[in-house]
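For reference, the chains in residue letters:
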Amino acid sequence: EVFENSYQASALVAEEIAQLIKDKQEKGENCVLGLATGSSPIKVYEELVRMHREEGLSFSNVITFNLDEYYPMSKDNHQSYHYFMHQHLFDHIDIKPENVHIPDGKVLLDEVHQYCIDYEMKIKEHGGLDFQLLGIGRTGHVGFNEPGSHYNSGTRIITLDHLTRSDAASDFNGIENVPKRAITMGIGTILKAKRIVLLGWGHKKAEIIKDTVEGEITSNVPATYLQQHKNTTFILDYEAASEL
Ligand code: GLP
């Protein structure tokens with residue numbers, strides 16, 4: 001779906017998430033959201049915060065799992081995805097702290113493997129992801145599933161692509177400060193979500209959006225695996241859709 005601008009589009013996505021939360025509330029059920037970082041989802045989070053403040057939207061039945069975190073990375077570092085999520089969403093809504101899950105970038109290296117298995121298990125125990133929000137990196141990654149990621153991959157530690165690190169360089173004051181690794185949910189984890197919405201804004205994303213939507217399904221562009229998911233929508237602005 002293509003929109004004139006990302007404001008309009010983000011409001012629509014926030015509306016869908018809010019409706020899902022309310023539907024689940026009515027049934028007395030939890031709503032399990034998979035959340036993303038990066039600049040793409042910021043307006044969706046702003047709109048959800050506005051709905052909480054002005055319309056009384058409650059997040060008391062919401063359980064969240066974030067896609068990824070840099071490794072190594074401490075939670076209080078301003079470049080961490082922990083910091084980002086609290087700054088843009090969690091500090092402004094009534095979500096229970098115990099319902100927030102973000103991969104821990106400080107897990108000891110020899111404990112990461114088990115940590116990732118447990119993270120995957122926790123998602124399962126909560127009944128799986130009802131809704132997964134995604135951005136897309138210019139390598140075709142979703143979460144931090146870089147080229148070469150298997151369609152069946154689970155949560156794990158990965159090595160970041162050079163292009164991904166150079167895109168993050170400005171946030172870290174130079175590419176040399178960007179962590180070389182990250183913990184990410186897998187492609188398999190993401191594809192199990194009941195509903196997926198991917199956001200793409202601006203010219204910078206036009207080429208990878210074309211490859212993802214129209215290209216053959218390949219691990220070289222991990223986002224192409226979304227073509228096989230039954231309930232995925234790409235929400236784009238004109239610029240990101242310009243090569244389609
Ligand atoms: C990072 C994140 C991704 C995100 C991507 C795009 O690599 N791990 O989840 O989709 O950046 O970021 P942006 O939305 O800022 O373009």
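Residues numbered from 1 in each chain as written. Predicted model: local features only at pLDDT ≥ 70, side-chain atom pairs only at ≥ 80, totals over all residues.

Identification of the protein as Glucosamine-6-phosphate deaminase from Sinomicrobium weinanense is taken from an unreviewed UniProt entry.

Undergrad: Hey, could you go over the overall build of the protein for me, with residue numbers and the actual values?
TA: Scanning the protein from terminus to terminus reveals seven helices and 10 strands. Taken over C-alpha atoms, the radius of gyration comes to 17 Å for the protein, in line with the 18 Å a tight globule of 244 residues would show. With the C-alpha coordinates of the protein rotated into their principal frame, the extents come out at 45 × 45 × 35 Å. Each of the 244 residues in the protein was classed as buried or not, and the buried ones make up 42%. The contacts in the protein between residues at least 6 apart in sequence include a share of 80% that link residues at least 24 apart. (Helix = DSSP H or I, 4+ residues; strand = E, 2+ residues; numbered from the N terminus. Rg over C-alpha atoms; globule rule 2.2 N^0.38 Å. Buried ≥ 20, exposed ≤ 12 C-beta atoms within 10 Å, placed from the backbone. Contact = placed C-beta atoms within 7 Å.)

Undergrad: An account of helix α4 (residues 112-125) is requested, with residue identities and associated values reported.
TA: For α4, which comprises 14 residues, the first-to-last C-alpha distance of 20 Å matches the rise-based estimate of 20 Å (1.5 Å per residue) to within 8%. Buried within α4 we find Cys116, Tyr119 and Ile123. When α4 is viewed along its axis, its buried side chains cluster within an angular range of 55 degrees and face the same direction. Away from the buried face of α4 by more than 90 degrees, exposed residues Gln114, Asp118, Met121, Lys124 and Glu125 are located. If you follow the buried residues of α4, they end up packed against β3 (62-66), β7 (156-159), β8 (181-184) and α6 (187-191). The first or second residue beyond α4 is Gly127, which carries a positive phi of 90 degrees. (Expected span 1.5 Å × (residues − 1). Arc of directions from axis to C-beta.)

Undergrad: So what's going on with the UniProt feature "domain: Glucosamine/galactosamine-6-phosphate isomerase" (unreviewed entry) in the protein? Residues and values would help.
TA: Mapped onto the present numbering, the UniProt feature "domain: Glucosamine/galactosamine-6-phosphate isomerase" (unreviewed entry) falls at residues 9-233. End C-alpha to end C-alpha, residues 9-233 measures 12 Å, and it is 33% helix and 16% strand. (UniProt positions renumbered as here; feature names shortened; annotations may be inferred.)

Undergrad: Explain the site of the ligand to me, and be specific about the residues and the numbers.
TA: Of all residues adjacent to the ligand, which total 13 residues, the nearest are Gly38, Ser39, Ser40, Gly135 and Gly137. Among the residues forming the shell around the ligand, the class breakdown is four nonpolar, eight polar and one charged. (Near = placed C-beta within 6 Å. Nonpolar A, V, L, I, M, F, W, Y, C, P; charged D, E, K, R; others polar.)

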